[in-house]
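Structure at a glance
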Amino acid sequence: MLRLSALVVALAAGSLPAADPVAVPGSDVKFPPTVGTAAGGKPVTLKLTGVGVRSRAIFKVYAIGSYLADGTAAKTAEDVVAADAPKMLYLVMERNVAGKDFVEAVKAGVGKTHPDKFAAEFQQIAAAVGDQTAAKGDHVSLLYLPGVGLRVQIVGKVDLTVKGAEFAAAVWGVYLGGNPVDEKLKQGLSSLIGK
């Protein structure tokens, strides 16, 4: 299980272990260069592949950090999408977003490259999110573990796991794939690959 509470405390307090945190341009959020999780009962270090801010019109929606299991062969953003390895997208909300709107935005992003797919997966997420709001300052974690699935958390509000490597890859493709929601964001989220 991801040591999520330590990451939440570290991000909120601004004091992070060991290495210097990575600042998100245009935001006050900083992400640790590595975080720990477990896969198959063994500890795994996830390494930051990059950071960015997702904006809509002129509004910042969330700061985001992308992580991939240390040692995973990845040279490009598309390699991160394709990697069947532990990986995480970690969001810190910059404004309030209704859960329904958040789910619909991800669904629309996935629909750009996978039209008419994953209806059951999005229905599962929508049912779990319900009328919850991802409020300014909330932390949202999307953690993929091979053989387990995609764990979706709005910390303290929602926690569910959606099975399927293909679905997880489609979600990563929204940010890092060949047709991302924002090319500048993709560049930011892949700026630390191999460093």
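So, here is what we can say about the structure in this document. Note that the coordinates shown come from a computational prediction; the quantities given were computed from them, not determined experimentally.

As a further point, take the packing of aromatic side chains. One pass over the structure, following the stated rule, counts four aromatic pairs. Between the aromatic rings of F31 and Y90, the centroid separation amounts to 6.3 Å while the plane-to-plane angle is 80°, which identifies the pairing as edge-to-face. Of this pair, F31 sits in strand β2 (residues 30-31) while Y90 sits in strand β6 (residues 87-93), and the two are 59 residues apart along the sequence. For F31, a relative accessible area of 0% translates into the label buried. An aromatic cluster of at least three residues, connected via ring pairs, comprises F118, F122 and F167. For K87, the ring lying beneath its charged end belongs to W172, and the centroid distance is 5.1 Å.

Looking now at the pairing of strand β5 (residues 59-69). In terms of residue burial, β5 counts as a mostly covered element, since nine of its eleven residues are buried. As judged from the ten bridges shared by strand β4 (residues 42-56) and β5, these two strands associate in the antiparallel manner. Bridged to L48 within β5 is Y67. From the end of β4 to the start of β5, which pair antiparallel, there are two residues, and A57 there has a positive phi angle of about 55°. Two elements, β5 and β6, share seven bridges in a ladder whose sense is antiparallel. Directly across from L68, in β6, lies its bridge partner K87.

Glancing now at the nonpolar core. By size, the foremost hydrophobic cluster in this structure holds 60 residues, and its most contacted members are F31, L150, W172 and Y175. For this core, the element with the most residues is helix α5 (residues 165-176), which contributes eight residues. Excluding residues within four positions of it along the chain, W172 makes contact with V80, V81, K87, M88, L89, L142, Y144, L150 and G177.

Further remarks concern the pattern of salt bridges. Applying the stated criterion across every chain yields a total of four salt bridges. Close ionic contact of D138 with K157 constitutes a salt bridge, the shortest N to O distance being 2.7 Å. Here the residue D138 occupies a position in the loop between β8 (133-134) and β9 (139-145), and K157 occupies one in the loop between β10 (149-154) and β11 (158-162), the gap between them amounting to 19 residues. In this structure, D159 and R151 form a salt bridge, with 2.5 Å as the shortest nitrogen-oxygen distance. For D159, a relative accessible area of 45% puts it in the partly exposed group. Among the residues examined, R151 registers a relative accessible area of 17% and is labelled buried.

The N-to-C vectors of helix α3 (residues 99-111) and α5 enclose an angle of 90°; their axes lie 8 Å apart at closest approach. When the interaxial angle is binned, α3 and α5 end up roughly perpendicular. Mapping the contact onto sequence places V106, G109 and V110 in α3 and A170, V171 and V174 in α5. Tallied by class, residues from the contact of α3 with α5 come to five nonpolar, one polar and no charged.

Calculation notes
Residues numbered from 1 in each chain as written. Predicted model: local features only at pLDDT ≥ 70, side-chain atom pairs only at ≥ 80, totals over all residues. Heavy atoms only, no water. Phe/Tyr/Trp six-rings, centres within 6.5 Å; stacked < 30°, edge-to-face > 60°. Helix = DSSP H or I, 4+ residues; strand = E, 2+ residues; numbered from the N terminus. Buried < 20%, exposed > 50% of the residue type's maximum accessible area, 1.4 Å probe, protein only. Lys NZ or Arg CZ within 6 Å of the ring centre and 35° of its normal. Pairing = 2+ DSSP bridges. Core = buried A, V, L, I, M, F, W, Y, C linked by side-chain atoms within 4.5 Å. Contact = heavy atoms within 4.5 Å. Salt bridge = Lys/Arg side-chain N within 4 Å of Asp/Glu carboxyl O. Axes fitted to C-alpha atoms, helices over the stretch in contact; angles between N-to-C directions. Parallel < 35°, antiparallel > 145°, perpendicular 65-115°, else oblique. Nonpolar A, V, L, I, M, F, W, Y, C, P; charged D, E, K, R; others polar.

Taken by themselves, the reported measurements are silent on function.
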